[in-house]
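The primary structure of each chain is shown beneath.
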Amino acid sequence: MIIDGMLPILLVFFCGFLLAQLNFFSLSAAKEINRMVFFFGMPLVGISMLTTADFSLFNNLLLFSYLISQLITGFLGGFLAYYIWKFDLKSAALVGMSTALANHLLFILPIAENIFSGYIIDQISAIIVVDVIVITFIVTLILEYASLKRISIQNLAKRMLSIPLVIGVIIGIALAITSTEVPNMINSFLDFSYASAAPMALFALGITLAKSDLTKNTNFIISISLIKVVVHPIFLLIIAIGFVQISVSDLKPALMVATAPCGAMVLVFAAAYEVDPKPLAPLVVVSFLLSLPGVALTLLI
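Small disclaimer: the values here were computed from a predicted structure and weren't measured.

Criteria and thresholds
Residues numbered from 1 in each chain as written. Predicted model: local features only at pLDDT ≥ 70, side-chain atom pairs only at ≥ 80, totals over all residues. Heavy atoms only, no water. Helix = DSSP H or I, 4+ residues; strand = E, 2+ residues; numbered from the N terminus. Buried < 20%, exposed > 50% of the residue type's maximum accessible area, 1.4 Å probe, protein only. Contact = heavy atoms within 4.5 Å. Areas by Shrake-Rupley, 256 points an atom, 1.4 Å probe, with all protein chains shown as cover. Axes fitted to C-alpha atoms, helices over the stretch in contact; angles between N-to-C directions. Parallel < 35°, antiparallel > 145°, perpendicular 65-115°, else oblique. Salt bridge = Lys/Arg side-chain N within 4 Å of Asp/Glu carboxyl O. Core = buried A, V, L, I, M, F, W, Y, C linked by side-chain atoms within 4.5 Å. Expected span 1.5 Å × (residues − 1). Phe/Tyr/Trp six-rings, centres within 6.5 Å; stacked < 30°, edge-to-face > 60°.

Asks: Requested: an account of the overall build of the protein chain, with residues and values cited.
Replies: In terms of regular secondary structure, the protein chain is built from 13 helices and zero strands. Reading the protein chain from its N terminus to its C terminus gives the helix and strand order α-α-α-α-α-α-α-α-α-α-α-α-α. C-alpha extents for the protein chain along the principal axes are approximately 50 × 45 × 40 Å. For the protein chain, with 301 residues in total, the buried portion stands at 51%. Expressed as a percentage of contacts within the protein chain between residues at least 6 apart in sequence, the contacts between residues at least 24 apart total 84%. Accessible area of the protein chain: about 13,800 Å², with a carbon and sulfur share of 69%.

If you want it as structure tokens, here you go:
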């Protein structure tokens, strides 16, 4: 199961790493690939995923447990960045986002689709929807306040609607709720384009690893990465099993996401709010490497 689920995904990552080591690709190439994924692939993933999702199958207790554990983890990451590592408020908010927002759309979901169907896929899709709407809104709210010292509903709306994945999720939800029949031609386009997003993102991540210096701020990078891939799953287990009383088998999709690495969307927010991305970029790479044992373990549950 682990080989079938993870090896095809990891091979794409290692191909990017190897070709970058051989100087076929540079860091600037990885940035351009990521732009394609963010502005083209991710919104189409959101639309394709939600037009086929059955909202009645979403496990609300699981979603609640995951959201609470996610908020606690994000607060912990942001708190440590602000008070221990002395980041400014905007940078600390993005560190909190990196510990809260997992790379589920382009890493965990493709792995799950390789080996599972039904319940697992439905719940991961539900978590992605909640993440995109709730976590993105909270981080945008904090960044708007840190930038302008006031909250403007108009600015919030503009910022949210400037994120392609948010637009994709909104369109997908609207199509699903209204039971709109999507033409076969459009479905074929979505499926064809959607399939490119995850491989390109993983390939770019391999390039980034090959061309990045990960020897600076190692205490910060490793600490925040471990909060994401180790502490978050622990919080989730405590909340879901200890308080909400969800079985481990029902909790599996949320555990898969909780063990996932930091999402790369934090770098897009850094660019939008003029925050230095240098402390944030290594988190995406290092947390990816540290997440592999935990993701493999959750597949065996």
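Asks: Can you lay out the packing of helix 4 (residues 89-100) against helix 10 (residues 218-244) for me, pointing to particular residues and giving the numbers?
Replies: Look at helix 4 against helix 10: their axes get within 8 Å of each other, and the N-to-C directions meet at 40 degrees. Relative to helix 10, the element helix 4 is oriented oblique. Residues Val95, Ser98 and Thr99 of helix 4 lie in contact with helix 10, whose contacting residues are Phe220, Ile224, Ile227, Lys228 and His232.

Asks: Hey, could you go over the pattern of salt bridges for me, with residue numbers and the actual values?
Replies: Evaluated as defined, the whole model comprises one salt bridge. Here Glu32 and Arg35 are joined by a salt bridge, their closest N and O atoms 3.9 Å apart. Of this pair, Glu32 and Arg35 both sit in helix 2 (residues 27-51), three residues apart, roughly one helical turn.

Asks: Which residues make up the nonpolar core, and what values go with them?
Replies: Residues Leu94, Leu105, Phe107, Ile124 and Phe269 are the most contacted members of the largest nonpolar core, which totals 88 residues. For this core, the element with the highest residue contribution is helix 6 (residues 119-148), accounting for 11 residues. When near neighbours in sequence (up to four residues on either side) are disregarded, Phe269 contacts Leu94, Met97, Thr136, Val139, Thr140, Leu143 and Ile163. Listed in part, the seven residues of the second largest apolar core include Ala20, Ala204, Ile207 and Ala210.

Asks: Provide a residue-level description of helix 4, including the pertinent values.
Replies: For helix 4, with 12 residues, the first-to-last C-alpha span of 16 Å sits near the 16 Å given by 1.5 Å per residue. Within helix 4, 11 of the 12 residues are buried, leaving the element largely enclosed by the surrounding structure.

Asks: Explain the packing of aromatic side chains residue by residue, including any values.
Replies: The tally for this structure, following the rule as stated, stands at 11 aromatic pairs. Relative to Phe189, the ring of Phe40 lies with its centre 6.5 Å away and its plane at 65 degrees, an arrangement referred to as edge-to-face. Residue Phe40 is located in helix 2, and its partner Phe189 is located in helix 9 (residues 184-211); the two are separated by 149 residues in the primary sequence. Classification of Phe40 by relative accessible area gives partly exposed; the value is 34%. The partly exposed category is assigned to Phe189, whose relative accessible area is 41%. Ring-pair connections join several aromatic residues into one group, and the members of that group are Phe13, Phe14, Phe107 and Phe288.

Purely geometric numbers; function is a separate question.
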